[in-house]
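# A closer look at the structure
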Amino acid sequence: MNRSTLLRAAVAAAGVSLLAACGGNASADGEEKKPSSAGSTPSATAAFTVTHVGGPTAVLEIAGQRILIDPTFDAPKKYKSGMSKIKGPAFGPEKLGKIDAVLLSHDQHDDNLDGKGRELLKDMPVVFSTPGAHKRLGDHITPMKSWEERELKSAGSTIKVTAVPALHGPDGVDRGADGEVTGFVLSGKGVPITYISGDNASVKVAKQVGDRIKKDIGAIDTAILFAGAARTPAILDNAPLTLTSKNAALVAKDLNPRKVVPIHTDSWDIYSEDIKSLVKAFEEQGVDGKLVDLEPAGEKKNLA
């Protein structure tokens, strides 16, 4: 059974349409939560879509702006780091179209920023990433520390970008500069509050982010979770460096977003878990109805 069939079956079992519009988030006790004035659930006519390119790379269309996440556009190859890309992107940079900004979780690892991705950054109007990425890549990177805020302005909207903590390994580890990563939260008037986890492996960190965002901005509408339980023998004795399937499901259960977009589960040889295990874990936690089916890669999916 392929990935698309698995996700469709999971959602059908929950009796929830992946493309159904929703006027608000439901709390654990079933009470409807009202959207915050700082962000809102998308209306039926709002443009709110995601296109999965492969691995951690996706294009998010939100509030009239197009945002690229962790660009990786190389063909399959083996890297000096030892990891291998085993599947190429759904399409190349030439088919991206206009991009208003790039959200780069980190630059140190090929699976989040490969060769063609690095070339692409130089032509992007705005790239938000870590302070370390700014030092290594140059002044075309806008550095953001955790909880720092920036604005993306267009003729029709202003999106507030908040950098949020992420832990590139198990709770309690300190990987120093090599493990410096960031997540992001998007919000603003008419903007569905969207959490992008980056290469975070910690349920605890995600919960802390969710609690603060709920308090300061509002309930998270959509969570884009980097999963796949990435592992490599060279780092932390093969410990998971991104969310395991179980932990991704626990994050979804705790944050209770309306939709969950799973990425970072394919195209590289470092993932120890796949979409099948992700669907199973979400079913076990009773949150499989939140999953967005991204198959086939390269197809735009409606999040409204």
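What this report covers is the structure whose coordinates are included nearby. From a predicted model like this one, the values you see are computed outputs, not experimental measurements. (Residues numbered from 1 in each chain as written. Predicted model: local features only at pLDDT ≥ 70, side-chain atom pairs only at ≥ 80, totals over all residues. Heavy atoms only, no water.)

### Some details on the overall build of the protein
Across its full length, the protein carries six helices and 17 strands. For the protein, the proportion of contacts with a sequence separation of at least 24, taken over those separated by at least 6, is 67%. Only carbon and sulfur atoms are counted for the fraction: they give 50% of the accessible area of the protein, which is about 12700 Å². (Helix = DSSP H or I, 4+ residues; strand = E, 2+ residues; numbered from the N terminus. Contact = heavy atoms within 4.5 Å. Areas by Shrake-Rupley, 256 points an atom, 1.4 Å probe, with all protein chains shown as cover.)

### Regarding the sheet that holds strand β4 (residues 57–62)
A sheet is described by the order of its strands in space; here seven strands give the open sequence β10-β9-β8-β5-β4-β3-β17, paired in mixed fashion. Edge positions in the sheet fall to β10 (142–143) and β17 (300–302), since each of these pairs with one other strand and no more. In this structure, strand β3 (residues 48–54) lies alongside β17, joined through three bridges in antiparallel fashion. Bridging from a neighbouring strand, Thr 49 pairs with Asn 302 of β17. (Pairing = 2+ DSSP bridges.)

### Considerations on helix α6 (residues 275–284)
Looking only at α6, the buried set comprises Ile 275, Leu 278, Val 279, Ala 281 and Phe 282. End-on, the buried residues of α6 take up no more than an arc of 165°, which puts them together on one face. Facing away from the buried side of α6, by more than 90 degrees, are the exposed residues Lys 276, Lys 280 and Glu 284. Of the residues that open α6, the one with a side-chain oxygen 3.1 Å from the backbone nitrogen of Lys 276 is Asp 274. The positive-phi residue at the C-terminal boundary of α6 is Gly 286, with phi of around 75°. (Buried < 20%, exposed > 50% of the residue type's maximum accessible area, 1.4 Å probe, protein only. Arc of directions from axis to C-beta. Polar contact = N/O pair within 3.5 Å; in protein donor to acceptor, adjacent residues only side chain to side chain.)

### What about the pairing of strand β12 (residues 158–164)?
Counting buried positions over the seven residues of β12 gives five, a clear majority of the element. Judged from the five bridges that link them, strand β11 (residues 149–153) and β12 form a sheet pairing that is antiparallel. Considered in β12, the bridge of Leu 152 is made with Ile 159. Linkage of β11 to β12, two consecutive antiparallel strands, is achieved through a turn of four residues. Pairing analysis gives five bridges linking β12 to strand β13 (residues 183–187), with the strands arranged antiparallel. Across the sheet, residue Val 164 finds its bridge partner in β13, namely Gly 183.

### Section: the nonpolar core
Residues Ile 62, Ile 159, Val 161 and Leu 186 are the most contacted members of the largest nonpolar core, which totals 28 residues. Elements with a minimum of two residues in this core: β3, β4, β5 (65–69), β8 (101–103), β12, β13, β15 (222–226) and β16 (259–263). Val 161 has contacts with Leu 103, Phe 128, Met 144, Glu 148, Glu 149, Arg 150, Leu 152, Phe 184, Val 185 and Leu 186, leaving out every residue within four places of it along the chain. Among the nonpolar cores identified, the runner-up in size contains 26 residues, and Val 185, Ile 193, Leu 278 and Val 279 belong to it. (Core = buried A, V, L, I, M, F, W, Y, C linked by side-chain atoms within 4.5 Å.)

### With respect to the sheet that holds β13
Read across the sheet, six strands follow the order β11-β12-β13-β14-β15-β16 without closing on themselves; strand pairing throughout is mixed. Since the sheet does not close on itself, it has two edges, and those belong to β11 and β16, each with one partner. Recorded for the sheet is a direction-independent mean angle of 20° between the axes of neighbouring strands. Where β15 and β16 come together, five bridges link them in parallel fashion. Within the sheet, the bridge partner assigned to Thr 222 lies in β16 and is Lys 259. (Axes fitted to C-alpha atoms, helices over the stretch in contact; angles between N-to-C directions.)

### Structural notes on the environment of Val 205
Turning to its location among the elements, Val 205 is positioned in helix α4 (residues 203–216). Separated by 34 residues in the primary sequence, Val 205 and Asp 171 have C-alpha atoms spaced 8.4 Å apart.

### Observations regarding the packing of aromatic side chains
Two measures describe an aromatic ring pair: the distance that separates the ring centres and the angle between the ring planes. Inspection of every chain in the model, using the stated rule, returns one aromatic pair. One residue, Arg 212, lies across the ring of Trp 147, its end atom 4.0 Å from the ring centre. (Phe/Tyr/Trp six-rings, centres within 6.5 Å; stacked < 30°, edge-to-face > 60°. Lys NZ or Arg CZ within 6 Å of the ring centre and 35° of its normal.)

### Thoughts on the packing of helix α5 (residues 245–255) against α6
At a closest axis distance of 8 Å, the pairing of α5 and α6 adopts a crossing angle of 45°. What the angle tells us is that α5 and α6 run oblique. Between α5 and α6 the crossing geometry is right-handed. Residues Ser 245, Lys 246, Ala 248, Ala 249 and Ala 252 of α5 lie in contact with α6, whose contacting residues are Ser 277, Leu 278, Ala 281 and Phe 282. When the residues that make up the contact of α5 with α6 are grouped by side-chain class, the tally is six nonpolar, two polar and one charged. (Parallel < 35°, antiparallel > 145°, perpendicular 65-115°, else oblique. Left-handed = near helix turned anticlockwise from the far one by under 90°. Nonpolar A, V, L, I, M, F, W, Y, C, P; charged D, E, K, R; others polar.)

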